[in-house]
Amino acid sequence: MIYENENTEFKVRFTDEIYKEVVAFANTDGGSIYVGVDDGGNPVGLEDVDGEMTRISNGIRDAILPDVTMFVRFNIQDNGVIRLDVNEGTNKPYYLRSKGLKPSGVYVRQGASSAPASNELIRLMIKQNDGDSFEDSRSLEQNLTFEQAAKAFERYGVEFSKEKYPALGITQLSSGLYSNLGLLLSDQCRHTIKIAVFSDEAKTIFKDSKEFSGSLFSQLDGAFDYLSLCNRTAASFNGLERIEHSDYPEAALREALLNAIVHRDYSFSGSIIINVTDNEIEFISIGGLLPGLSPDDIRSGISQPRNRKLAEIFHRLKLIESYGTGIRRIYSCYENCPQQPRIDVTSNTFRMTLFNTNSVENAVPKASDINSQMQIVIDYVEGHGSVTEAEIGELLGVKKTRSYTIASEMCKLGLLEQVGKGKDKKYKIFES
C-alpha cells in the first residue's frame with residue numbers, strides 16, 4: 001500500500017492543482033504524482049487516460065516557468081492511473097506563470113503537502129542557482145515593459161529589440177526569464193533617485209525635493225535636468241565683456257550622477273540620495289567600494305565595475321567612456337579650484353561631494369584679487385619655498401596681527417596653504 005508523504009502525492013482526477021505539486025517537487029527533492037488515485041491510496045482510474053495525459057503534459061509546459069518538462073516523466077499504468085515522476089530541477093525556483101515569482105506562485109514540499117515558499121527562501125534559491133551577481137539573477141518581477149529604454153536606445157542610435165535581450169543581459173540565456181538588469185532598465189524599476197535642496201548647510205531646512213522613478217534611463221534624464229535647474233550662473237566683467245560662470249561644471253555633475261547610477265549596489269533597496277546646498281552638492285549611493293579598492297585608487301582612475309553589464313550598456317550608448325575615466329574627468333573640471341571634489345566611503349555607502357566654484361571659499365582668484373602686498377609674499381615664497389607670519393611682517397613692515405590676516409586671506413583665495421601648526425606653522429604655494 002502506498003501512502004502520501006513528502007515524495008508522493010495522490011490526485012483522484014486532473015485539476016490545476018497538479019501544477020502546484022509539480023512546482024513543489026521540482027523545487028525540493030523530487031517525487032511522484034499519481035493521477036487516478038484517491039486520498040486513501042486506492043486506484044480509481046481515469047476514463048480517458050490518453051487525453052488526460054495530453055492535457056497534463058501541455059499544461060505543465062504552459063503553466064510553469066522556467067521550463068520544467070525535462071524533469072518530468074509520464075507513465076500510464078494498467079489500472080488507468082497516470083504516474084508523473086518529477087525530478088528535482090536545476091533552475092530553481094520554479095513557479096506558476098499565472099502567479100509570478102512570489103510566494104503565491106512558488107511552492108516547496110513540506111511533509112505530505114505543498115506549501116508556498118517564503119520570500120527569503122525564494123531569494124536563497126535564486127542566489128544558489130544564479131550566483132551572487134545581482135544583475136544576472138532572475139528578477140522577482142517578470143511583467144516588465146521597456147518603453148523608456150527603447151526611446152533611450154533610439155535616441156543614441158543603438159538597436160533595441162527582444163532578439164537583443166539575451167546579448168544585453170536583459171534576459172537570462174539559460175531560462176529566458178528577465179534578469180535584475182532587465183528590471184533596472186524596465187519601466188517598472190523599483191529603485192529611485194531622490195534630490196533634496198536645502199536652504200542651510202546643515203541640511204535641516206528643505207527648500208524643494210524631487211523623486212525620480214522608472215527606467216534608469218528616465219531617472220538619469222530627469223535627475224540631470226533638475227540638477228541643471230539648481231546649477232545657478234554668476235557673472236563677472238572683464239572691461240565691457242560679461243563672463244558667466246556656472247556654480248558647478250556641467251561635465252562634473254553629469255559624471256557624478258552617472259557614477260552613482262552605474263556603480264551603486266542594487267541588491268539593497270533604497271534610493272540614490274543627492275543633497276543640494278548653496279555651497280555643495282553631494283551624491284550618496286548605496287554600496288561602498290569593492291574589496292581591494294581605495295578612494296585613492298578611484299581618484300587615480302582604477303575601476304572595477306560592480307554592475308558590469310549595466311556599465312557595458314551605458315558604454316554602448318556612449319553615456320560613459322571607459323571604466324574609471326569619469327572620476328578623473330570630475331577632478332579635471334576642478335583643476336584650478338582650491339576646494340577639490342571629495343570622496344567619502346563607508347562599508348555601505350559611496351559619497352561624492354562637488355563644491356560650488358562660485359562660492360567665496362572656492363572662487364579662483366583673479367588678478368584684481370591679488371594686491372601688491374600679496375604679490376610680494378608670493379614672490380618670496382616662490383624663491384624660498386615657504387614663509388612664516390613673522391617673515392611676512394618683516395617683508396611688509398606690518399604687525400603680527402596684520403601678517404596673520406594677510407596670510408589667512410591668501411589661503412582663502414587659494415594662493416597659499418598652511419603647513420604645520422603652532423611654532424612650526426608656515427605657508428606654501430597652494431598645490432591643487
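All values reported here derive from a predicted model rather than from experimental measurement. (Residues numbered from 1 in each chain as written. Predicted model: local features only at pLDDT ≥ 70, side-chain atom pairs only at ≥ 80, totals over all residues. Heavy atoms only, no water.)

A. Fine view of the overall build of the protein chain. On a plain count of helices and strands, the protein chain comes out with 14 helices and 18 strands. Taken along its principal axes, the extent of the C-alpha atoms in the protein chain is 115 × 45 × 35 Å. Expressed as a percentage of the 432 residues in the protein chain, the buried residues total 47%. For the protein chain, the proportion of contacts with a sequence separation of at least 24, taken over those separated by at least 6, is 60%. When the accessible surface of the protein chain is split by element, carbon and sulfur atoms take 48% of a total near 22000 Å². (Helix = DSSP H or I, 4+ residues; strand = E, 2+ residues; numbered from the N terminus. Buried < 20%, exposed > 50% of the residue type's maximum accessible area, 1.4 Å probe, protein only. Contact = heavy atoms within 4.5 Å. Areas by Shrake-Rupley, 256 points an atom, 1.4 Å probe, with all protein chains shown as cover.)

B. Spotlight on helix H13 (residues 389–396). Buried residues of H13: Glu389, Ile392, Gly393 and Leu396, and no others. The buried residues of H13 occupy an angular sector of 100 degrees when projected down its axis, which confines them to one face. For H13, the exposed residues lying more than 90 degrees away from the buried face are Ala390 and Glu394. On its buried side, H13 packs onto helix H12 (372–384), helix H14 (400–412) and strand E18 (426–429). Looking one or two residues past H13, Gly397 carries a phi angle of roughly 65 degrees, positive in sign. (Arc of directions from axis to C-beta.)

C. Region of the structure containing the environment of Ser386. Checked against the element boundaries, Ser386 lands in the loop between H12 and H13. Each C-alpha atom, one on Ser386 and one on Lys428, is 4.7 Å from the other, the two residues being 42 residues apart in sequence. Contacts of Ser386, omitting those with residues within four sequence positions, involve Tyr380, Val381, Glu391, Lys426, Tyr427 and Lys428.

D. Representation of the packing of helix H1 (residues 17–27) against helix H2 (residues 49–63) in the model. It is the contact of H1 with H2, at a shortest axis distance of 10 Å, that shows an interaxial angle of 60 degrees. In this view, H1 runs oblique relative to H2, as classed from their interaxial angle. Crossing hand, H1 versus H2: right-handed. Here Ile18, Tyr19 and Val22 of H1 come into contact with H2, specifically with Arg55, Ile56, Gly59, Ile60 and Ala63. Classifying every residue of the contact of H1 with H2 gives six nonpolar, one polar and one charged. (Axes fitted to C-alpha atoms, helices over the stretch in contact; angles between N-to-C directions. Parallel < 35°, antiparallel > 145°, perpendicular 65-115°, else oblique. Left-handed = near helix turned anticlockwise from the far one by under 90°. Nonpolar A, V, L, I, M, F, W, Y, C, P; charged D, E, K, R; others polar.)

E. Representation of the side chain of Asp265 in the model. When you line up the elements, Asp265 lands in the loop between helix H8 (250–263) and strand E13 (272–276). The side chain of Asp265 is buried and forms no salt bridge, while Arg306, the nearest opposite charge, is found at 4.0 Å. A distance of 2.6 Å separates a polar atom in the side chain of Asp265 from a polar atom in the side chain of Ser267. (Lys, Arg positive; Asp, Glu negative; His and termini not counted. Salt bridge = Lys/Arg side-chain N within 4 Å of Asp/Glu carboxyl O. Polar contact = N/O pair within 3.5 Å; in protein donor to acceptor, adjacent residues only side chain to side chain.)

F. Structural view of the state of the cysteines. In total, this model carries zero disulfides according to the counting rule given. Here Cys337 is not disulfide-linked; the sulfur of Cys333 is the nearest cysteine sulfur, at 9.4 Å. (Disulfide = S-S within 2.5 Å.)

G. Representation of the packing of H8 against helix H10 (residues 308–316) in the model. Viewed as axis vectors pointing N to C, H8 and H10 meet at an angle of 140 degrees, and their least axial separation amounts to 9 Å. With respect to each other, H8 and H10 are oriented oblique. Of the residues in H10, those in contact with Leu258, Ile261 and Val262 of H8 are Leu310, Ala311 and Phe314. Broken down by class, the residue content of the contact of H8 with H10 amounts to six nonpolar, no polar and no charged.

H. Fine view of the sheet that holds strand E10 (residues 206–212). Spatially, the six strands line up as an open sheet ordered E10-E9-E13-E14-E16-E15, and their pairing is mixed. Two strands in the sheet have a free side with no partner beyond their single neighbour: E10 and strand E15 (342–345). For this sheet the average axis-to-axis angle between neighbouring strands, irrespective of direction, equals 15 degrees. Examined bridge by bridge, E15 and strand E16 (residues 349–355) share four bridges and lie antiparallel to one another. (Pairing = 2+ DSSP bridges.)

I. Spatial organisation of the nonpolar core. Counting 61 residues, the largest nonpolar core has Phe217, Ile274, Phe314 and Leu354 as the members making the most contacts within it. Ignoring anything within four residues of it in the chain, the contact list for Leu354 reads Tyr248, Ala252, Leu253, Ala256, Asn279, Glu280, Ile281, Phe283, Ile330, Tyr334 and Pro341. Of all hydrophobic cores here, the second largest spans 25 residues; its members include Ala24, Val49, Leu84 and Leu96. (Core = buried A, V, L, I, M, F, W, Y, C linked by side-chain atoms within 4.5 Å.)

J. Highlighting the pairing of strand E17 (residues 416–419). Sheet topology note: the E17/E18 ladder contains four bridges and is antiparallel. Bridging across to E18, Glu417 finds its partner in Lys428. Where E17 hands over to E18, the hairpin turn is made up of six residues, of which Gly420 adopts a positive phi near 80 degrees.

K. Up close: the environment of Met125. As for its placement among the helices and strands, Met125 is situated in helix H3 (residues 119–130). Judged by relative accessible area, Met125 falls into the buried class, the value being 4%. For the pair Met125 and Gly326, spaced 201 residues apart in the sequence, the C-alpha separation amounts to 36 Å. In this view, Met125 contacts Asn27, Lys92, Pro93, Val106 and Val108; residues no more than four positions away in its chain are not counted.

L. Spotlight on the pattern of salt bridges. Under the definition given, this model contains 23 salt bridges. Taken together, the shared-partner salt bridges connect Lys203, Glu280, Glu282, Arg342, Asp344 and Arg351 into one network.

M. Region of interest: the sheet that holds strand E1 (residues 8–11). Reading across the sheet, the four strands line up as E1-E2-E5-E4 and stay open at both edges, with mixed pairing between neighbours. The sheet is open, and its two edges are formed by E1 and strand E4 (72–76), each paired on a single side. For this sheet, the mean inter-axis angle between neighbouring strands, taken without regard to orientation, is 20 degrees. On top of the sheet, H1 reaches E1, strand E2 (31–35), E4 and strand E5 (82–86); it is set at about 165 degrees to E2, its chief contact. Running at roughly 175 degrees to E4, H2 makes contact with E2, E4 and E5 of the sheet.

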